[in-house]
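Commentary on secondary and tertiary structure
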Amino acid sequence: MSLSKALEAFDTLTTRKGRGNDYLGWLDLPTDNNRPEQDAMKKIAAEWKLKAQVVVVIGIGGTYLGSKTALEALLHPFANELALNQGPKILFAGQNLSQDYMAELMDLLEEKEYAAIVISKSGTTTEPAIAFRIIKNHLETKYGKEEAATRVIAVTDKSRGALKEVASKEGYRTFVIPDDVGGRYSVLTPVGLLPMAVAGVNIDSMIQGAAKMREICMERSGNNIAIQYAALRNLLYGKGKTIEILVNFNPKLQYFAEWWKQLFGESEGKEGKGIFPASVNFTSDLHSMGQYIQEGERIMFETVLDVKHPAREYSVGNDPADVDGLNFLAGMEVEQVNKKARAGTKLAHIDGGVPNILLEAERLDAFNLGALFYFFEFACGVSAYMLGINPFDQPGVEDYKQNMFALLGKPGYEELAEKLKERL
Ligand code: PA5
């Protein structure tokens, strides 16, 4: 039943006849293969490698999580300490409203040679707009207006919006966020690819991985893994499993889960429907969330995102004293221990009434990450159409913004401000 429903939803998505079908540009991004744009990104990466120790990426939500995910997954976490020459260090701004975070970031930027990528489709999203205002000012004071303009790239709408206007006025180089690609589906546009290129990620390989996965996802068949995943989620949801936990056993995937939560949360959580997307990092969180998953309310299922082959080798050593009793593991790779932890956890959680879906990637590299991005985007489109909702809008995100503007005293929001103040 769920499978035939998933095939119907697949048809809705691929014939482009469903709700929100003006936001389906992401479906073809891996095969659009915009070489001049990719070359321009690599050129900027080469240029900034010579003059920036740090590149600040300014964005939030869909303009932040994709690149953050890729950098966490693919770069050496201690590259700076080891002075590995992978490219400038990428830091983020505009993804929160913390004054302390901003002040501490500015402490660093005061000391370092830096450049900035500001990403916003509308140009009016408060968090990145405030961060950009501060950083623009600082860049101009530090380098002078002319040099500062060479150190800012704007990724924004092709013709409209406040950021486009500033970019034209200041002479910034720009990249376009396509009209038909929403924020949470934009990782394979310059929104995600430019910061990745600047950080030294192989973006060609990432696009190839996504293209390979596109071929798999486009096949109308019960063997299509994206259709199977969407069908399974829907089946479990129908059985009262209203929370999906994305599980990893590799801390490099922590931000992948944050990207995934936005994708599914914003796409499905509307009209009183949708599975609540949650995440855990195992084995760390087995020591904090494991108890609840094993014995708490039986409302969740797990989707384990497994990486089959680690990039590096490391074994447990031998200790003649064997005080910790671990010599039975001597010579075993740490990954083998991790694998047994995975198997043991899976069985324990299934015994505890938590269904388990397993998704496996061969390894964690740009190619496979590109494939994973595309896989989940596609599965999310199918899954949301199975719920009968529009996967590509996010009307609920506006409510807090309206309230915040009113409470901040933004002109035009006076009436709402009065109403809200009565309630505070
Ligand atoms: O997915 C989305 O649409 C959002 O997360 C947006 O990307 C985010 O709010 C930033 O919006 P904008 O690009 O207009 O600054």
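Sequence order as written defines the numbering, with residues in each chain counted from 1. In view of the model being predicted, local features appear only for residues whose pLDDT reaches at least 70, and side-chain atom pairs are presented and counted only at 80 or more, with totals across whole chains, interfaces and linings using the full set of residues. Based on all heavy atoms of the structure, the side-chain values leave hydrogens and waters out of the count.

Once that is clear, we can look at the packing of aromatic side chains. Between rings of Phe, Tyr and Trp, where Trp is taken as its six-membered ring, a pair exists when centres lie within 6.5 Å; planes separated by under 30 degrees are stacked, by over 60 edge-to-face, and by other angles tilted. Counted according to the given criterion, the structure contains 22 aromatic pairs. Note on Tyr185 and Phe392: the rings are 5.2 Å apart at their centroids and 65° apart in plane angle, and the pair reads as edge-to-face. Taken as a pair, Tyr185 in the loop between strand 5 (173-176) and helix 9 (190-199) and Phe392 in the loop between helix 15 (366-386) and helix 16 (397-408) lie far apart in primary sequence, 207 residues in all. With respect to class, Tyr185 is no different from Phe392; both count as buried. Positioned above the aromatic ring of Tyr255 is the side chain of Lys68, whose terminal nitrogen or guanidinium carbon lies 4.8 Å from the ring centre. Numbered from the N terminus, helices here are DSSP runs of H or I no shorter than four residues, and strands are runs of E no shorter than two. Relative accessible area decides the class of each residue, using a 1.4 Å probe on protein chains only: under 20% of the type maximum gives buried, over 50% gives exposed, and in between gives partly exposed. Geometrically, a lysine NZ or arginine CZ counts as sitting over a ring once it is within 6 Å of the ring centre and also within 35 degrees of the ring normal.

Before going further, it helps to spend a moment on the environment of Met386. With respect to the element layout, Met386 can be found in helix 15. Placed 29 residues apart in sequence, Met386 and Ile357 show a C-alpha to C-alpha distance of 19 Å. What makes two residues a contact is simply this: any of their non-hydrogen atoms within 4.5 Å. Apart from the residues lying within four places of it in its own chain, the contact partners of Met386 are Ser2, Lys5, Ala6, Ala9, Ala230, Ala231 and Asn234.

Once that is clear, we can look at the sheet that holds strand 4 (residues 152-156). Two strands form a pair only when DSSP identifies at least two bridges running between them. With parallel pairing, the five strands of this open sheet are ordered in space as 2-1-3-4-5. Strands with a single pairing partner mark the edges of an open sheet, and in this sheet they are strand 2 (89-93) and strand 5. Pairs of neighbouring strands in the sheet enclose a mean axial angle of 20°, with direction left out of account. The pairing of strand 1 (residues 54-58) with strand 3 (residues 114-119) spans five bridges and is parallel. Its bridge partner being in strand 3, Val56 is matched across the sheet by Ala116. Convention adopted: a line fitted to C-alpha atoms gives each axis, helices being fitted over their contacting stretch, and angles between N-to-C directions are expressed from 0 to 180 degrees. Its contacts with the sheet place helix 6 (residues 126-143) against strand 1, strand 2, strand 3 and strand 4, and it is angled at close to 150° to strand 3. Strands strand 1, strand 2, strand 3, strand 4 and strand 5 of the sheet are contacted by helix 9, whose axis makes an angle of about 165° with strand 3.

This brings us to the nonpolar core. Grouping buried Ala, Val, Leu, Ile, Met, Phe, Trp, Tyr and Cys residues that are joined through side-chain atoms within 4.5 Å yields what is termed a nonpolar core. Core analysis: the biggest nonpolar cluster contains 86 residues, and Trp26, Phe256, Phe376 and Phe378 have the highest contact counts within it. Setting aside anything within four residues of it in sequence, one finds Phe376 in contact with Tyr229, Leu246, Phe256, Trp259, Trp260, Leu263, Phe264, Leu305 and Leu359.

Moving on to the site of the ligand. Residues are classed as near a molecule or strand on a simple rule: at least one heavy atom within 4 Å of it. Every one of the 13 residues lining the ligand counts as a neighbour, but Ser120, Lys121, Ser122, Thr125 and Gln262 are closest to it. Two N or O atoms form a polar contact when they lie within 3.5 Å of each other; inside protein one atom must be a possible hydrogen donor and the other a possible acceptor, and for residues adjacent in sequence the pair counts only when both atoms belong to side chains. One of the side-chain nitrogen or oxygen atoms of Ser120 is found 2.5 Å away from an oxygen atom of the ligand. Contacts to the ligand include Lys121, whose backbone N or O atom sits 2.7 Å from an oxygen atom. Three classes are used, and their members are as follows: Ala, Val, Leu, Ile, Met, Phe, Trp, Tyr, Cys and Pro are nonpolar, Asp, Glu, Lys and Arg are charged, and the others, Gly among them, are polar. Across the shell around the ligand, the residue classes tally to one nonpolar, nine polar and three charged.

By themselves, these are just geometric observations and shouldn't be taken as functional.
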